[in-house]
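Structural features, examined
So you can see what is in the structure, the chains are spelled out below.
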Amino acid sequence: MELLLDVQNLSVRYRPPGGGDVFALRGANLQIARGQIVGVLGESGSGKSTLAASVLTLLPANGVIDAGAVVLQGTNLLELERDELERVRGSKVSLIFQEPGEALHPMIRVGEQIEEVLRAHGGESKEARRGAVRELLDLIFGGEAERIYFSYPHQLSGGQRQRIAIAQAIVCKPKLLIADEPTASLDSVTRREIVELLKKLQRERELAILFITHSAELLEGFADRIVVMYAGQIVEDGDAKKVLKAPRHPYTEALLKCRPTLGLGKTVREDQRIPVIAGEAPDLSARSKGCAFEPRCADRMKICCERTPELFEIENGGKVRCFKFGG
């Protein structure tokens, strides 16, 4: 498969006012092929959103990239000037935010807002832009496209607003779409509908997707590969079906056990509790020499608190950051 995105040894920290540095991302390596869907799974604070923001160089003012490269189709985005980046964003790589309301102006019809993305990248007449937007809305909304085009954001449901955000992100036909928790504020039915829409767009446009989530169930039947993050590091990387069915890293195994069984065909007792991972998430302002998951790990060994494990290659092209598989 043709390589589209290559994130190389990326490290990011934040410098909060009055506090110590927070090492949010440590030596991340990630590859995405053309048309591939890669899910990034982990708890809040694991570094998922920092990874997404770094690809687009949209870190907040106190974010610092200490090392690494983000290579998109042979170009290191971290070396581009601001005007060059603005041309890349939207046309080659786009982002869907968690809350679509943040990306939509309340006083402008949504069709015009999608057109504005095309206008910002230039090269088309107003008539051509309007035609392209209506064609896209037909693809996403079907028979409702005309009504949706002339609607204001407040006249649409949360799921419809999220579809508009998707339309804004793909109207310039980028090759890579980054979806940062795009279903977090939606109900379970609408979540599945959004995931099915993204899968449809991936098939029809050969669109690569980096899908950030803390819900493993959304990745079933959707992602080609899953990358699991913990404490700013990638701890497991492998085929989606294999990771979900037979996780290898102790954190991935513990995380998947925390999924609720309701709706999966199993009987749930009233007094049954969803499992939780024992212990506390690590302090990212402190850089320990051992494995970050060691204090919470049921399989910990003496070496785990002495050295930081690397990503060891396992069968079927997978990778696991655990001394059980090398060292």
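No experiment lies behind these values; they were computed from the predicted model shown.

The rules behind the values
Residues numbered from 1 in each chain as written. Predicted model: local features only at pLDDT ≥ 70, side-chain atom pairs only at ≥ 80, totals over all residues. Heavy atoms only, no water. Salt bridge = Lys/Arg side-chain N within 4 Å of Asp/Glu carboxyl O. Helix = DSSP H or I, 4+ residues; strand = E, 2+ residues; numbered from the N terminus. Buried < 20%, exposed > 50% of the residue type's maximum accessible area, 1.4 Å probe, protein only. Core = buried A, V, L, I, M, F, W, Y, C linked by side-chain atoms within 4.5 Å. Contact = heavy atoms within 4.5 Å. Pairing = 2+ DSSP bridges.

**Quick word on the pattern of salt bridges**
Taken as a whole and assessed by the stated rule, the structure comprises 18 salt bridges. Of the charged contacts, one joins glutamate 146 and arginine 134 as a salt bridge, the two residues approaching to 3.4 Å between their closest N and O atoms. A residue pair is termed long-range when its members are at least 10 positions apart, and glutamate 146 in helix α5 (residues 145-149) and arginine 134 in helix α4 (residues 126-141) qualify at twelve residues. On the accessibility criterion, arginine 134 (26% relative accessible area) is partly exposed. The shortest N-O distance in the salt bridge between lysine 257 and glutamate 253 comes to 3.7 Å. With a gap of four residues between them, lysine 257 and glutamate 253 both fall in helix α9 (residues 250-257), about one helical turn apart. Judged by relative accessible area, which is 53%, lysine 257 ranks as exposed. For glutamate 253, a relative accessible area of 32% translates into the label partly exposed. Here the salt bridges do not stand alone but share partners, grouping Arg13, Arg15, Asp21 and Asp66 into one network.

**Things to note about the nonpolar core**
Of all hydrophobic cores here, the largest spans 59 residues; its most connected members are Ile164, Leu198, Phe211 and Ile226. Each residue touching phenylalanine 211, except ones within four places of it in the same chain, is listed here: Val38, Gly39, Val40, Ala179, Pro182, Val195, Leu198, Leu218, Leu219 and Phe222. Listed in part, the 35 residues of the second largest apolar core include Leu4, Val40, Val93 and Ala208.

**Notes on the sheet that holds strand β12 (residues 319-320)**
Strand order in the open sheet formed by eight strands is β6-β7-β8-β3-β9-β10-β12-β11, and the pairing between neighbours is mixed. Each edge of the sheet is formed by a strand with only one pairing partner; in this case those strands are β6 (93-96) and β11 (312-313). The pairing of strand β7 (residues 176-180) with strand β8 (residues 208-213) spans five bridges and is parallel. Directly across from alanine 179, in β8, lies its bridge partner phenylalanine 211.

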